[in-house]
Amino acid sequence: MLETVLDNVGGLSKRHTPESLRALLLARSTRRPDGCLIVQGYGTQRGVHQKIAGRAWAHIVAYAVFVGPVDPTLKVDHTCGVKDCVEPTHLRQISHAENCRTRVQAPTCRNGHERELDPATGRLRRQCRRCNADAQQRWRIRQAAERAASLTPQGMAESKARWDAR
Ligand SMILES: [Zn+2]
Ligand SMILES: [Zn+2]
């Protein structure tokens, strides 16, 4: 079989050619003042990846027919961050690792605790253990205070004594 730019585009219905897809994409898109070319795929949801020409992702089709063959080991990424944009100059192929790296991680949590490295992913943990522990402590104190407030003066004193004894 002859290799074509459409080889690695999944979900395309057979009758399409690069020419028909270029025409289809342009017919279904609108240029925005910021330069994005917004495609309207099937379904009513906007601002998300769009499907066209069967069950194919519009941004992947656009990459193939306007930029070149799709490398199936890489991801088609939007430099503009607009998921329903098919402007060829806003599309590029990057590896999954590169995709992760572009999202910079802060070395500390928002309370200044140093973040832990997750050995499974090589990334910093999203959750801060110390913040979690602090939050749980605050929750326990609040629970105890609420319980105490609903008790009789005597019960309140007992509850306080129990709490203080901890
Ligand atoms: Zn764009
Ligand atoms: Zn923290």
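All figures in this text were calculated on a predicted structure; none of them were measured in a lab.

Q: Explanation requested: the overall build of the protein chain in the structure shown.
A: The secondary structure content of the protein chain amounts to five helices and eight strands. Secondary structure of the protein chain in N-to-C order comes out as α-β-β-β-β-α-β-β-α-β-β-α-α. Relative to a compact globule of 166 residues, whose C-alpha radius of gyration would be 15 Å, the protein chain shows 27 Å and is clearly more extended. Classification of the 166 residues of the protein chain by burial places 17% in the buried group. In the protein chain, once contacts between residues fewer than 6 apart in sequence are set aside, the share between residues at least 24 apart is 44%.

Q: How do you make sense of unusual backbone geometry when you look at a structure like this?
A: Excluding glycine, most residues fall at negative phi; most peptide bonds, likewise, are trans. Of note in this structure, alanine 53 is not a glycine but carries a positive phi near 50°. Checked against the element boundaries, alanine 53 lands in the loop between strand E3 (51-52) and strand E4 (56-57).

Q: Explanation requested: the confidence of the model for the protein chain in the structure shown.
A: Should pLDDT be low for a region, the predicted coordinates there are not to be read in detail. Residues with a pLDDT of 70 or more make up 91% of the protein chain, whose mean pLDDT is 87. Averaged pLDDT values for the elements of the protein chain fall to 70 in helix H3 (residues 96-101) and rise to 97 in strand E2 (residues 37-39).

Q: Can you walk me through the nonpolar core in this structure?
A: When a protein is soluble and globular, its nonpolar side chains tend to lie buried together. One finds Ala58, Ile60, Val61 and Ala62 to be the most contacted residues of the largest nonpolar core, which totals 22 residues. At the level of elements, helix H1 (18-27), E2, E4 and helix H2 (58-67) are the ones that each hand at least two residues to this core. Not counting chain neighbours up to four residues away, the residues in contact with alanine 58 comprise Leu25, Val39, Gly41, Gln50, Lys51, Ile52 and Val86.

Q: It is not clear to me how the packing of H1 against H2 should be interpreted in this structure. Could you clarify?
A: A packed helix pair is summarised by two numbers, namely the angle formed by the two axes and the spacing between the axes. Axis separation between H1 and H2 bottoms out at 10 Å; the angle between their running directions is 125°. On the basis of their axis angle, the class for H1 and H2 is oblique. Viewed along their axes, H1 and H2 form a crossing whose handedness is left-handed. Together, Pro18, Leu21, Arg22 and Leu25 of H1 and Ala58, Val61, Ala62, Val65 and Phe66 of H2 make up the contact between the two elements.

Q: Would you take a moment to explain the domain arrangement of the protein chain for this structure?
A: Accessible area lost when the parts come together is the quantity often used to give the size of an interface. Split by domain assignment, the protein chain resolves into domain 1 (18-101) and domain 2 (109-166). Of note, the centres of domain 1 and domain 2, computed from C-alpha atoms alone, are 46 Å apart.

Q: Would you mind showing me how to read the environment of arginine 142 here?
A: Residue placement: arginine 142 occurs in helix H4 (residues 129-149). Separated by 119 residues in sequence, arginine 142 and alanine 23 have C-alpha atoms that sit 63 Å apart.

Q: Honestly, H2 in this entry has me stumped. Any pointers?
A: Each full turn of the α-helix corresponds to 3.6 residues, which orients residues three or four apart in the same direction. Counted residue by residue, H2 has eight buried out of 10 residues, so it is predominantly covered. Ala58, His59, Ile60, Val61, Ala62, Tyr63, Ala64 and Val65 are the residues of H2 that are buried. Of the surrounding secondary structure, the elements contacted by the buried residues of H2 are H1, E2, E3, E4, strand E5 (75-78) and strand E6 (91-94).

Reading guide: rules and limits
- Residues numbered from 1 in each chain as written.
- Chains lettered and ligands numbered in written order.
- Predicted model: local features only at pLDDT ≥ 70, side-chain atom pairs only at ≥ 80, totals over all residues.
- Helix = DSSP H or I, 4+ residues; strand = E, 2+ residues; numbered from the N terminus.
- Rg over C-alpha atoms; globule rule 2.2 N^0.38 Å.
- Buried ≥ 20, exposed ≤ 12 C-beta atoms within 10 Å, placed from the backbone.
- Contact = placed C-beta atoms within 7 Å.
- pLDDT = per-residue confidence, 0-100.
- Core = buried A, V, L, I, M, F, W, Y, C linked by C-beta atoms within 7 Å.
- Axes fitted to C-alpha atoms, helices over the stretch in contact; angles between N-to-C directions.
- Parallel < 35°, antiparallel > 145°, perpendicular 65-115°, else oblique.
- Left-handed = near helix turned anticlockwise from the far one by under 90°.
- Domains from an automatic or database assignment.

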